[in-house]
Amino acid sequence: MTAYFPAVRLRRATFVGALCAGLAVVATACGADPDEGTNGVGKLSAEQIEGKAKTAATEASSVHLSGTLVTGGKSYTLDMRLGADGGSGEVKSQDDTTFQLLRVGEQLYLKAGAKFWGQSEAAGKLGDKFVKVPEGDPSYKQFRGFTDMHVLLDGLLGLDGKLAKGDYTKVGHTRAVQVTADKGAGGKLAVSLEGTPYPLLMERAGGAGRVVLADWGKPVDLAPPGQDQTVDYGSQLPTTKGQGSGSATPAPKGSGQGTAPKS
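Note that the coordinates shown come from a computational prediction; the quantities given were computed from them, not determined experimentally. (Residues numbered from 1 in each chain as written. Predicted model: local features only at pLDDT ≥ 70, side-chain atom pairs only at ≥ 80, totals over all residues. Heavy atoms only, no water.)

Let's shift gears to the side chain of Asp35. Mapping Asp35 onto the fold places it in the loop between helix H1 (5-22) and helix H2 (46-59). One buried charge, Asp35, has no salt-bridge partner; the nearest side chain with opposite charge is Lys43, at 5.1 Å. Apart from residues no more than four positions distant in its own chain, Asp35 is found in contact with Gly42, Lys43 and Tyr168. (Helix = DSSP H or I, 4+ residues; strand = E, 2+ residues; numbered from the N terminus. Buried < 20%, exposed > 50% of the residue type's maximum accessible area, 1.4 Å probe, protein only. Lys, Arg positive; Asp, Glu negative; His and termini not counted. Salt bridge = Lys/Arg side-chain N within 4 Å of Asp/Glu carboxyl O. Contact = heavy atoms within 4.5 Å.)

In structure tokens, the structure reads:
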């Protein structure tokens, strides 16, 4: 009977090896180190991971931000590329009104279709043109907030409640560690385990939006539109359907004036 022992041991070793290879979630039990090849932030406390992520975001020169924000009972879909000196991209409201924003320094441009301008007398001239938004217009600070990297990030990267370190996961192809607040009810933040510990995915408290953050530090191409694509309407934007004099469809409350959109 002893002649069969080596074969039994061999089969058992093969089985255990296959099991460990297939169960990444229990890699530590099979002798592997889940932090091997990472930046090491997964070993830190939840509070430290959040701090590292916020520091990385503050020091970054650019980011691509996409997803949804819910504020004031309204939902907005954003796809913005933001840099230190401006930003560009598209914002879509829940009523399917879409507008594009471009800011180069302090010069802000707004591009939208006729639906956005509604019944304004200038709607026919402004549709699908880049309209200069004068700094004195009431909507300037609101629209500008969508193009300000640090204003948006300050409002987005906030967890509310007791923090806890969650599971290792992936955002796209990048390994990440989750930090949750109040067992997820206060928001969830996924932080990169590769290279700089940038925030990669933010799920806001109370279902107030889900935003992916990517392309950290990559150049953002910002240039004013050509003159043939630009309209200078003067000191104020035209009145749009359903709005008061001199104001365009507003961005979410607080997106300018030093704060980011909040629920």
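Turning our eyes to something else, we now look at the sheet that holds strand S9 (residues 188-192). What holds strands together in a sheet is hydrogen bonding between their backbones, with the strands either parallel or antiparallel. Read across the open sheet, the twelve strands follow the order S7-S8-S9-S10-S11-S1-S2-S3-S4-S5-S6-S12; overall the sheet is mixed. Taken across any chain shown, the strands that pair with only one partner, and hence form the sheet edges, are strand S7 (163-171) and strand S12 (230-231). With ten bridges connecting them, strand S1 (residues 62-71) and strand S2 (residues 74-83) associate as antiparallel partners. In the strand pairing of S2, Thr71 is matched with Lys74. (Pairing = 2+ DSSP bridges.)

Scanning the entire structure with this criterion turns up five aromatic pairs. A centroid spacing of 6.4 Å and a plane angle of 50° characterise the contact between Tyr76 and Phe146, whose relative ring orientation is tilted. One end of the pair, Tyr76, is in strand S2; the other, Phe146, is in the loop between helix H5 (140-145) and helix H6 (149-156), with 70 residues separating them in the sequence. Judged by centre distance (5.5 Å) and plane angle (55°), the ring pair of Phe99 and Phe116 falls under tilted. Of the two residues, Phe99 is situated in strand S4 (residues 98-104) and Phe116 in helix H3 (residues 114-117); the sequence distance between them amounts to 17 residues. We classify Phe99 as buried; its relative accessible area is 3%. (Phe/Tyr/Trp six-rings, centres within 6.5 Å; stacked < 30°, edge-to-face > 60°.)

This brings us to the side chain of Ser93. Looking at where Ser93 falls in the secondary structure, it is placed in strand S3 (residues 86-93). Of the residues examined, Ser93 reaches a relative accessible area of 15% and is grouped as buried. A distance of 2.3 Å separates the side chain of Ser93 from the side chain of Asp95, its partner in a polar contact. Sequence-distant contacts of Ser93, that is, excluding residues within four places in its chain, are made with Ser75 and Tyr76. (Polar contact = N/O pair within 3.5 Å; in protein donor to acceptor, adjacent residues only side chain to side chain.)

Our focus in this paragraph is the confidence of the model for the protein chain. With 76% of its residues at a pLDDT of 70 or more, the protein chain shows a mean pLDDT of 82. At the low end of the mean pLDDT range in the protein chain sits H1, at 50; at the high end sits S9, at 98. Scored below 50 in pLDDT, residues 1-5 makes zero contacts in the model with residues more than four places away or belonging to other chains. (pLDDT = per-residue confidence, 0-100.)

Once that is clear, we can look at the environment of Asp128. For Asp128, the location among the structural elements is in the loop between helix H4 (123-126) and strand S6 (130-133). For the pair Asp128 and Lys111, spaced 17 residues apart in sequence, the C-alpha separation works out to 5.7 Å. Among residues more than four places away in sequence, those in contact with Asp128 are Lys111, Ala112, Gly113 and Gln229.

Moving on, we get to the nonpolar core. What tends to happen in soluble globular proteins is that the nonpolar side chains get buried as a cluster. Judged by nonpolar contacts, the single largest core of 53 residues is most densely connected at Leu65, Phe99, Leu110 and Trp216. Counting residues per element, this core draws most heavily on H2, which supplies five residues. What Leu65 contacts, discounting residues up to four positions off in sequence, is Leu78, Asp79, Met80, Leu82, Leu152, Leu153, Leu156, Val211, Val212 and Leu213. (Core = buried A, V, L, I, M, F, W, Y, C linked by side-chain atoms within 4.5 Å.)

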